Amino acid sequence: MRPGRTQPLTLTRRALGTRLAGAAAAIGFGNGAAANTMATSVPVLDPDLRDAALRGLALAGYRGDPVTAAAATAAIERLSQTDPEGALLARLYQMLDVRPAQYWPEDVPEATAADLSTLHAAIRACQPVSFGYIDLSGNETARTVLPLALVHPPQGVKLLAWCEEREDFRQFFVRAIRDLTPRAGNFSADRLALLEGLLEKETGRA
């Protein structure tokens, strides 16, 4: 069972998701259904511009300027009051966009532009996707996931997602995805709770 539904992992996240979804709807920064309920007086940010700004804030700590890094951290904290989803994404980007892996194969192919385009669209639409996945040991499994974000560590682009088969958060190298297929459905009501749960797991609090 995924966060936001009915089983143990959801108890605190469901409450959190409800509060944050209301806030996101009020300010117009949510995805899917939440964004459609925003007040007409709130301007709509270009999603690509918003994501670029969040990634820029996330990378500020790696520029060798502690003043800029502190300002970015403070900005992300303030963002949690006006765009809670954006603040969660910025913190995930801080940890995962640049963190190197302990091991990855050499001479691996890059993620395809077609798969990246499909994933970007699915993330924005809060739409499930399915695919075959080949792990580092060469084993292939079939997965259906709720795609949450893409990150870009040195070893290759990764998809961060809730995996329905494993009932947990997982990371997938996009280059190892096969037969990527969008599925019917919309998980926008669960998105904030899922992002919070993913952040909890990555920070060791889950």
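Everything that follows concerns the structure shown earlier in this document.
Note that the structure is a prediction, hence the values are computed from the model and not measured. (Residues numbered from 1 in each chain as written. Predicted model: local features only at pLDDT ≥ 70, side-chain atom pairs only at ≥ 80, totals over all residues. Heavy atoms only, no water.)

**Student:** Give a detailed account of the packing of aromatic side chains, specifying residues and quantitative values.
**Tutor:** One pass over the structure, following the stated rule, counts four aromatic pairs. Between Phe131 and Phe172 the ring centres are 5.2 Å apart and the planes differ by 80°, which places this aromatic pair in the edge-to-face class. With Phe131 in strand S1 (residues 129–134) and Phe172 in strand S4 (residues 168–173), this residue pair connects regions lying 41 residues apart in the sequence. Each member of the pair, Phe131 together with Phe172, is buried. An angle of 80° between the planes, with centres 4.9 Å apart, marks the rings of Trp162 and Phe169 as edge-to-face. The burial state of Trp162 is the same as that of Phe169; both residues are buried. One aromatic cluster is present, built from ring pairs that chain together Phe131, Tyr133 and Phe172. Over the face of the ring belonging to Tyr93 we find Arg55, whose NZ or CZ atom lies 3.9 Å from the ring centre. (Phe/Tyr/Trp six-rings, centres within 6.5 Å; stacked < 30°, edge-to-face > 60°. Helix = DSSP H or I, 4+ residues; strand = E, 2+ residues; numbered from the N terminus. Buried < 20%, exposed > 50% of the residue type's maximum accessible area, 1.4 Å probe, protein only. Lys NZ or Arg CZ within 6 Å of the ring centre and 35° of its normal.)

**Student:** Run through the sheet that holds S4, naming residues and quoting values.
**Tutor:** Whenever strands of a sheet pair, they do so through backbone hydrogen bonds, lying parallel or antiparallel. Read across the sheet, five strands follow the order S4-S3-S2-S1-S5 without closing on themselves; strand pairing throughout is antiparallel. Two strands in the sheet have a free side with no partner beyond their single neighbour: S4 and strand S5 (177–182). Neighbour-to-neighbour, the strand axes of the sheet open up by a mean angle of 40°, direction not taken into account. With six bridges joining them, S1 and strand S2 (residues 140–151) adopt antiparallel strand pairing. Looking at S2, one finds that Gly132 is bridged to Ala142. Relative to S2, helix H5 (residues 84–96) is tilted by about 110°, and along the sheet it contacts S2, strand S3 (158–163) and S4. Here helix H6 (residues 113–125) sits on the sheet in contact with S1, S2, S3 and S5, set at roughly 65° to S2. (Pairing = 2+ DSSP bridges. Axes fitted to C-alpha atoms, helices over the stretch in contact; angles between N-to-C directions. Contact = heavy atoms within 4.5 Å.)

**Student:** I'd like a description of the environment of Tyr93, backed by residues and values.
**Tutor:** Along the chain, Tyr93 falls in helix H5. Of the residues examined, Tyr93 reaches a relative accessible area of 3% and is grouped as buried. Put simply, Tyr93 and Ala149 are 56 residues apart on the chain and 9.0 Å apart in space, counted from C-alpha to C-alpha. Look past the residues within four positions of Tyr93 in its chain and what remains in contact with it is Asp51, Leu54, Arg55, Ala58, Ala149, Leu150 and Val151. A polar contact of 2.7 Å, which involves the side chain of Tyr93, links it to the side chain of Asp51. (Polar contact = N/O pair within 3.5 Å; in protein donor to acceptor, adjacent residues only side chain to side chain.)

**Student:** Which residues make up the packing of helix H3 (residues 47–59) against H5, and what values go with them?
**Tutor:** The contact between H3 and H5 brings their axes to 8 Å, and the two run at 50°. One element, H3, and the other, H5, form an angle in the oblique class. Helix-helix and strand crossings are classified by hand; for H3 and H5 the assignment is right-handed. From H3, Arg50, Asp51, Leu54, Arg55 and Ala58 reach across to H5, where they touch Glu85, Gly86, Leu89, Ala90, Tyr93 and Gln94. (Parallel < 35°, antiparallel > 145°, perpendicular 65-115°, else oblique. Left-handed = near helix turned anticlockwise from the far one by under 90°.)

Take it as geometry only, folks, not as evidence of what the structure does.
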